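# Geometric and topological summary
As a plain string of letters, each chain reads:
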Amino acid sequence: LKNVIKMHPLMFFIILKPYLLFGIVPSMYSVLNLFNVGKNSEFYYYQFFVLLCVLLLIEIKRKSLKIEVFEKFLVIKKGLYFNNESKMQSKITALYIKQNPIERLFSAKTVFINTMSDGKKNCEFKFVLNMKNAEILEEFIQRKADLRKKRIPFLKVMFWVAASSNIFEGVLLFTPLIRNVSKLLGIKVYDTIFSQITDKLRFTDKYLPTTVNMITVLFVFIYFVGFLYELLKNLKMQLRFDEKSISVKSGVIVKRKTILNSCIKIGFCAEQSILMRIAGRQAVKAITGGYVGKFSGAALVLPSQTDEELKNSLGDLFADYIPPKSYIEKKKAIFGIFSAILLPVFLSLALIITATILILIFNQFKRFIIFALLGFVFLLALYVYILFYGYKNSRISLEKNITAEGTRRFKIKRMLLRNDRIACFKLRQNLFDRKRGSCKVTLTAYSKGVEKTTIRWINKTELIKNIEKVE
Amino acid sequence: MKKFWQLPNKTFLIWFLRFLFGFSLITFTLIYLDFFVAAYILAGIAGIALIYLLLFLLSYKIELRSKFLMIEKGIIFRITLLIPYKKIVYIKRLKTPLLKAFGLLGACIKTVNGTVFILEQEAEFISLLLKKIEEKEN
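Note that the coordinates shown come from a computational prediction; the quantities given were computed from them, not determined experimentally. (Residues numbered from 1 in each chain as written. Chains lettered and ligands numbered in written order. Predicted model: local features only at pLDDT ≥ 70, side-chain atom pairs only at ≥ 80, totals over all residues. Heavy atoms only, no water.)

A tally of regular secondary structure across chain B gives four helices and seven strands. When the elements of chain B are put in sequence order from the N terminus, they spell out β-α-α-β-β-β-β-α-β-β-α. By residue count, 42% of the 138 residues in chain B fall in the buried class. Considering only contacts in chain B between residues 6 or more positions apart, those separated by 24 or more positions represent 47%. Carbon together with sulfur atoms contributes 68% to the accessible area of chain B, which is approximately 8,000 Å² in total. (Helix = DSSP H or I, 4+ residues; strand = E, 2+ residues; numbered from the N terminus. Buried < 20%, exposed > 50% of the residue type's maximum accessible area, 1.4 Å probe, protein only. Contact = heavy atoms within 4.5 Å. Areas by Shrake-Rupley, 256 points an atom, 1.4 Å probe, with all protein chains shown as cover.)

Below, the structure is given as structure tokens:
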């Protein structure tokens, strides 16, 4: 036994959280009434007593929680009367450490421990520890003495955030915030915002309708909120790695650190959004086993790399990396595109005919019908382009390492894995595919929820033959 | 040793019995509640569903390859799952009174990727699969 780690007092609130809605909040009413002299009754005393018992039990639970750190494994102990022991050896995949300003004030850190088990949407263990104890756990996963450091330049982080900032994150942050504040203040905030935007953009009305202007401004604003949030999350990014593990540290207000255990054996995944493709750059994630929730399993390690930079960095991070010699053929696949667009083409033809008839019958809807038709044709052209884009940019090679490149709309995803890290190959064939003998293959790395990539129009027989050779 | 497994005839019978039980339960309830039109519509849908079920069961194939388990299924979209034996964590055998009566076994394969259900097969298949996994473990 090397160390015994006890919980920080702030852990009390983490244990309290599940009881909050049914146990604590109803009892608070009685506590408030206890101070109101005229309303005292036995019932309130009883509720107050129950509340005290619950709080006491939570404190006992907190006190009973401890982590024993041995040379090669961890033991997590819970409970006083019903002892619950979890022993973990080398199956810890990731450690996620977070410190918000309140925790910084009390010199505490929240630590999430994840293992190789699958399917769960929440992390395996969550503790609040003091700084010293959190460092002991960090040291258990990643020995600090032999680490190499790499600082990611600010400009690279900013470019990645700008190119991949998710607009929906902005929506998620922005909408409830505004709604709740406006409810509290009793102001019709949305009406005010909309009227303000309409007033300010009146000069553009002759070019575009007001609604279009309003939506554009809102989207830009939401994008900006998303951008700012992601930037603060990823500022001051620093990598530390050795032959077995890799850790990523980032954040300004809330500091985050993800340590992936043995991730070098598992693999890397490079993502390229359309903006990044134009700039000839890609973001690289290190991936490991276990579920991938909010906290771990994958961590962004290189935010914006050119192909050449990536080759050099991979040499450092992925010691076994050998570039693929050849890829599995997809000769027949070009016909796949034609068969895939067959149905939309028929549909659009039917639509054109219907539109012409409608124009002839109802003369007044001419503009609307032409506008709708043009929109549909544009969508069809986009769909065809996405298909060709997918055909051009997807390929798979099953050699010593598995290299798979797949597309999702305009996003390219490259996966680089050791062949024993593939958990499942899922081949999907539609009627046309079956006739041609091609298939769509989805690779899943190690366990449920971990990064996946899909490659279309691959020759099925050849693929199965190759898989058999590799495995 | 048999490498290629399709569903035995008994499995078809079991699924037909299950289907019949579910269908008759809903239909008689609808008739009892005087929803005759709904009962007719349901009968039509059930007819199509029965054909689909039959075709699905016919398309279901399992192959014990040298290094991985291959499951093929589906009518319009054919799905092939290739699961390496090494990635199988455990196998749960499912036995109900109905399956016991027909001498069949259902199985639930827990892999690192999730759970895969195997439709009712003869007991011999499960023991062969276990043997394969054991070989790979060693």
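On we go from here.
What follows concerns the sheet that holds strand β12 (residues 267-272) of chain A. Residues and elements named next belong to chain A. Here six strands make up an open sheet; going across it, the order is β14-β13-β12-β17-β16-β15 and the pairing antiparallel. Edge strands, defined here as strands with exactly one partner in the open sheet, are β14 (298-305) and β15 (395-398). When strand polarity is set aside, the average angle formed by the axes of neighbouring strands in this sheet is 20°. Inspection of the sheet shows strand β16 (residues 401-408) paired to strand β17 (residues 411-418) by eight bridges, in the antiparallel sense. (Pairing = 2+ DSSP bridges. Axes fitted to C-alpha atoms, helices over the stretch in contact; angles between N-to-C directions.)

Residue and element names in this part refer to chain B. Read across the open sheet, the three strands follow the order β5-β6-β7; overall the sheet is antiparallel. The open sheet terminates on both sides in strands that have one partner only, identified here as β5 (88-94) and β7 (114-122). In this sheet, adjacent strand axes meet at a mean angle of 20° when their direction is disregarded. Alignment of β5 against strand β6 (residues 104-111), held across six bridges, turns out to be antiparallel. What sits directly across from Ile 88, in β6, is Thr 111. Against the sheet, helix α4 (residues 123-137) engages β5, β6 and β7, with an angle of about 135° to β7.

Our next topic: the confidence of the model for chain A. On average, residues of chain A score 76 in pLDDT, and 75% of them are at 70 or above. The secondary structure element of chain A with the lowest average pLDDT is helix α10 (residues 263-266) of chain A, at 58, and the one with the highest is helix α4 (residues 101-105) of chain A, at 92. (pLDDT = per-residue confidence, 0-100.)

Time to look at the interface of chain A and chain B. Accessible area lost upon the coming together of the parts is a frequently used measure of interface size. At the interface, 24 residues of chain A touch 21 residues of chain B. Of the roughly 2,100 Å² buried between chain A and chain B on both sides combined, carbon and sulfur atoms contribute 55%. Where chain A packs against chain B, one counts one salt bridge. Residue Glu 72 of chain B is joined to Lys 460 of chain A by a salt bridge in which the shortest nitrogen-to-oxygen separation is 3.1 Å. Applying the counting criterion to the chain A and chain B interface returns seven residue pairs in polar contact (both at pLDDT 80 or more). (Buried area = accessible area lost by both parts, 1.4 Å probe. Salt bridge = Lys/Arg side-chain N within 4 Å of Asp/Glu carboxyl O. Polar contact = N/O pair within 3.5 Å; in protein donor to acceptor, adjacent residues only side chain to side chain.)

Residues and elements named next belong to chain B. Taken N-terminus to C-terminus, the directions of helix α1 (residues 9-32) and helix α2 (residues 36-59) make an angle of 170°; their axes are 10 Å apart at the nearest point. Accordingly, the angle class assigned to the pair α1 and α2 is roughly antiparallel. Contacts from Phe 12, Trp 15, Phe 16, Phe 19, Phe 23, Ile 26, Thr 27, Leu 30 and Ile 31 in α1 reach Phe 36, Ala 38, Ala 39, Leu 42, Ala 43, Ala 46, Ala 49, Leu 50, Leu 53, Leu 54, Leu 57 and Leu 58 in α2. Its residues assigned to classes, the contact of α1 with α2 comprises 20 nonpolar, one polar and no charged. (Parallel < 35°, antiparallel > 145°, perpendicular 65-115°, else oblique. Nonpolar A, V, L, I, M, F, W, Y, C, P; charged D, E, K, R; others polar.)

Residues and elements named next belong to chain A. Evaluation of the coordinates by the stated rule reveals two cavities of 30 Å³ or more. By volume, the second largest cavity amounts to about 30 Å³. What lines the second largest cavity is Glu 138, Gln 142, Lys 144, Leu 147, Arg 240, Lys 257 and Ile 259. When its residues are assigned to classes, the lining of the second largest cavity shows two nonpolar, one polar and four charged. (1 Å grid on protein atoms, 1.4 Å probe; cavity = no way out; pocket = protein on both sides within 12 Å on 5 of 7 lines; lining within 4 Å. Points joined across faces, edges and corners; volume = space filled by probe spheres on them.)

This part covers the confidence of the model for chain B. When pLDDT is averaged along chain B, the result is 87, and 96% of the positions lie at 70 or above. Taken over the whole predicted complex, pTM reads 0.67, whereas the ipTM for its chain interfaces reads 0.81.

Once that is clear, we can look at the packing of aromatic side chains. A complete count under the given rule lists six aromatic pairs over all chains for this structure. Here the aromatic rings of Phe 12 of chain A and Phe 13 of chain A are separated by 5.6 Å at their centres, their planes lie at 85°, and the arrangement is edge-to-face. Note on Phe 19 of chain B and Phe 23 of chain B: the rings are 6.5 Å apart at their centroids and 10° apart in plane angle, and the pair reads as stacked. Note that Phe 19 of chain B and Phe 23 of chain B are positioned in helix α1 at a spacing of four residues, about one turn of the helix. (Phe/Tyr/Trp six-rings, centres within 6.5 Å; stacked < 30°, edge-to-face > 60°.)

All names here are of chain A. Here strand β5 (residues 92-99) lies mainly inside the structure; seven of its eight residues are buried. Here β5 pairs with strand β11 (residues 255-261) via six bridges, running antiparallel. Each residue of the ladder has a partner; that of Lys 98, found in β11, is Arg 256.

Mapped onto the secondary structure, Thr 403 of chain A falls in strand β16. For Thr 403 of chain A, the contacting residues outside a window of four places in its chain are Pro 324, Tyr 327, Arg 395, Ile 396, Ser 397, Met 415 and Leu 416 of chain A.

Our focus in this paragraph is the side chain of Asn 393 of chain A. Checked against the element boundaries, Asn 393 of chain A lands in helix α14 (residues 366-393). What Asn 393 of chain A contacts, discounting residues up to four positions off in sequence, is Arg 277, Glu 405, Gly 406, Thr 407 and Ile 412 of chain A.

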